[in-house]
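# Understanding the architecture of this molecule
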Amino acid sequence: NKPKNLDSFLFPGFHHLAAIQREGLKLWDASRNILYTSNPFLFFATADGPGLAYLNDFVGHHGKNGCRLYCGLKGRHKEGGPHYYLRTRILSR
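Described in the following lines is the structure provided in the data block. Small disclaimer: the values here were computed from a predicted structure and weren't measured. (Residues numbered from 1 in each chain as written. Predicted model: local features only at pLDDT ≥ 70, side-chain atom pairs only at ≥ 80, totals over all residues. Heavy atoms only, no water.)

## Brief notes about the overall build of the protein chain
Our working rule: The way it works is that DSSP assigns letters per residue, a run of H or I at least four long becomes a helix, a run of E at least two long becomes a strand, and they are numbered from the N terminus. Burial classification: accessible surface area is computed with a 1.4 Å probe over protein chains only, and a residue below 20% of its type maximum counts as buried, one above 50% as exposed, and the rest as partly exposed. Here, residues are in contact when the closest pair of their heavy atoms is within 4.5 Å. Using the Shrake-Rupley algorithm and a 1.4 Å probe, accessible areas are obtained, with residue cover drawn only from the displayed protein chains.
When helices and strands are counted, the protein chain shows 2 helices and 4 strands. Taking all 93 residues of the protein chain together, 9% fall into the buried category. At a minimum sequence separation of 6, the contacts of the protein chain that also span at least 24 residues come to 12%. If you sum the accessible surface of the protein chain, you get close to 8600 Å²; carbon and sulfur atoms cover 57% of it.

If you want it as structure tokens, here you go:
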């Protein structure tokens, strides 16, 4: 289920990560009997195709401009149909 407001869904996690980055995360190593501070960071985030389009506010793979690479290729659809399909070759009429 998609959250209604993506920012309100992601904000608590990023807020906690920012606090841990600022203060450090204290960890206990029982095998060596020491306490050390870790500084975690978010390297990158990824998702599947529809999820990535949702995260980036793109139209998605069934939209008129469904290409995520800004290629300018417009999709085609049947008359009255809701889904667009990527046209990869020019059809002769």
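## Notes on unusual backbone geometry
Phi is positive for Asn33, which is not a glycine, with a value near 60 degrees. Tracing the chain through its elements places Asn33 in the loop between strand S1 (25-29) and strand S2 (34-38). Note on Asn33: relative accessible area 54%, which makes it exposed.

## Here's the deal with the environment of Lys26
Assignment of secondary structure puts Lys26 in strand S1. On the basis of relative accessibility, which here comes to 55%, the residue Lys26 falls in the exposed class. Taking the C-alpha atoms as reference points, Lys26 and Thr37, separated by 11 residues in sequence, lie 4.4 Å from one another. Sequence-distant contacts of Lys26, that is, excluding residues within four places in its chain, are made with Leu35, Tyr36 and Thr37.

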